[in-house]
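Report on the structure
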Amino acid sequence: MSIKSFLAKPFAAIVYKSVSKWANNPIKTQDKVFQNLITKAANTQFGKDHDFISINNHHDFVKRVPIRDYEALKPYVEKVVAGEENVLWSGKPLYFAKTSGTTSGAKYIPITAESMPNHVNAARNAILLYIHETGNSKFVDGKMIFLQGSPILKEKNGIQLGRLSGIVAHFVPKYLQKNRLPSWETNCIEDWETKVDAIVKETLPENMTIISGIPSWVQMYFEKLQQKTGKQVGDIFKNFNLFIFGGVNYEPYRAKFENLIGRKVDSIELYPASEGFFAFQDKQNEKGMLLQLNSGMFYEFVLAEEFFEENPKRITIKDVELGKNYVMIISTNAGLWAYNVGDTVMFTSLKPYRVIVSGRIKHFISAFGEHVIGKEVEQALKIATQNANISINEFTVAPEINPKSGLPFHEWFIEFEKTPENIQELAQKIDAAMQQQNSYYLDLINGKVLQPLKITIVPKNGFKNYMKSIGKLGGQNKIPRLANNRKIADTLKSQIISK
């Protein structure tokens, strides 16, 4: 055991105690965060516009600060981008995390001196709590790969901007720098396919122990490793035993990954976003991720089914319930106020507070009042493929409102690693799982409003080619699991027909 591996365990114990302290006092912790945010932002333009000086509690906050998405907050953000100080938070941000918005064009999410450490420390703490729980620290001696965006930053009115993962790359602790891959030069490659090829070349001779990234990116990396060597990833990297992921649900990828690796490896799920690092998996055998209550972020929740009402009820963590689908609203020390991140979450535990990401408030299907969400389609696919030796690369779901014949239906576009012999049987299993989970969907099937779902097979690399065609291959881009329109579906179908 090396010194680094040896010291990791007592350091992990210290961090575990620190995390446990606030996790075991959640209400008090969030109250303190709330008061600090209001006090520190009282003299900003936003604070003055919304009378922060008179806000003493959450009720006051709700009366003065409406829920906003990026488009609604944009007038303030534009002032920050133009170089003005003390607009949303004191002073100027350190960075802008630049993301692509569907309605707003480029989005500039501020990252401040106060908020930046939260992005770094949460990822570090996830690994340390894993060490504390399992006692496994040998992996710190090996090489670690973090598949991410380019760390090259640009400047706008004195503030640096780039992708979040590229910004965070500048804050990797010194004790990890020697172990970290890919190299700076490789990380700066913009074309994703060229970059993955370079990563394969760099990592093949190394002792890789941790691999981290969005599952769809990592899958491409694993497939290229296998194509290059003819071996499973677990045979190439004998000491690879920890996969860290975020951005999408891992379950639809799990069977495929275990096949590519050739064995099971431990995994840690993260919930990072440009707006904040919200949660991470703190226990290997507990469902859900520990909500970060002591990281300069105050959380509110709105029932998803009520979100589009005129004045939906906003609650704090003390009033949330298990198993309900909530839209998560955040106020942060980066200057986001009652901000709709766009995600929906469900609580899996209230002691401590753990969540799963159930979907996106804009990513749902309710063309006929069925209210289908991302969690349901992912769970249905998991149930239908269990013990069936079916490996799925990617999928998305859309409504077919005007079929050429028969009743409307949900169309599932699935790219298989190996196409099952009986697609109709698989469709029936998925449909049964959907009916079991969603009573609205069940009623529409029984009432002959919908016919059972249909599967459209997407050729190998079909989703990859789609993302490439719209300029969103790699980066932080992901295929939505479902949509209430056929924008993606029709493009995929046209590609299938053209073949």
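The structure we're discussing is the one just above.
A brief structural summary. By convention here, each chain's residues receive numbers from 1 onward along its written sequence. For a predicted model such as this one, the threshold for reporting local features is a pLDDT of at least 70, and the threshold for listing and counting side-chain atom pairs is 80 or more; totals across whole chains, interfaces and linings nevertheless cover every residue. Calculated side-chain values reflect all of the structure's heavy atoms, with hydrogen atoms and water omitted.

1. Some details on the packing of helix α10 (residues 192-203) against helix α11 (residues 215-229)
Angle between the axes and distance between the axes are the two parameters that describe a pair of packed helices. Note on geometry: axes are lines fitted to C-alpha atoms, helical ones only across the stretch in contact, with angles between N-to-C directions running from 0 to 180 degrees. Secondary structure elements follow DSSP: runs of H or I no shorter than four residues count as helices, runs of E no shorter than two count as strands, and numbering proceeds from the N terminus. For the pair α10 and α11, the least separation of the axes is 10 Å and the interaxial angle reads 55°. The pairing of α10 with α11 is recorded here as oblique in orientation. In terms of crossing hand, the pair formed by α10 and α11 is right-handed. Along the contact surface, α10 presents Trp 192, Glu 193, Val 196, Asp 197, Ile 199, Val 200 and Thr 203, while α11 presents Trp 217, Met 220, Tyr 221, Lys 224 and Leu 225. Our angle categories are set so that under 35 degrees counts as roughly parallel, over 145 as roughly antiparallel, 65 to 115 as roughly perpendicular, and the remainder as oblique. Should the near helix be turned counterclockwise from the far one by less than a right angle, the crossing is left-handed, whereas a clockwise turn marks it as right-handed. Residue contacts follow a heavy-atom distance rule, with two residues in contact if any of their heavy atoms lie within 4.5 Å.

2. Notes on the sheet that holds strand β9 (residues 266-273)
Should DSSP find at least two bridges between two strands, the strands are regarded as paired. The mixed open sheet is built from 11 strands, whose spatial order is β6-β3-β7-β8-β9-β10-β11-β15-β14-β13-β12. The strands lining the two open edges of the sheet, one partner per strand, are β6 (180-181) and β12 (297-303). Here strand β7 (residues 208-212) pairs with strand β8 (residues 242-246) via 3 bridges, running parallel. The partner of Ile 211 across the bridge, within β8, is Phe 243. Along the sheet face, helix α2 (residues 26-40) touches β12, β13 (326-332) and β15 (353-360) and points at about 110° away from the line of β12.

3. Structural notes on the sheet that holds strand β20 (residues 454-457)
Reading across the sheet, the 3 strands line up as β18-β19-β20 and stay open at both edges, with mixed pairing between neighbours. Since the sheet does not close on itself, it has two edges, and those belong to β18 (392-400) and β20, each with one partner. Along the sheet, successive strands turn relative to each other by an average axial angle of 25°, direction set aside. In terms of strand pairing, β18 meets strand β19 (residues 409-416) through 8 bridges, oriented antiparallel. When the sheet's bridge partners are listed, Phe 395 is paired in β19 with Ile 414. Where helix α14 (residues 374-385) meets the sheet, its contacts fall on β18 and β19, and the angle it forms with β18 comes to roughly 125°.

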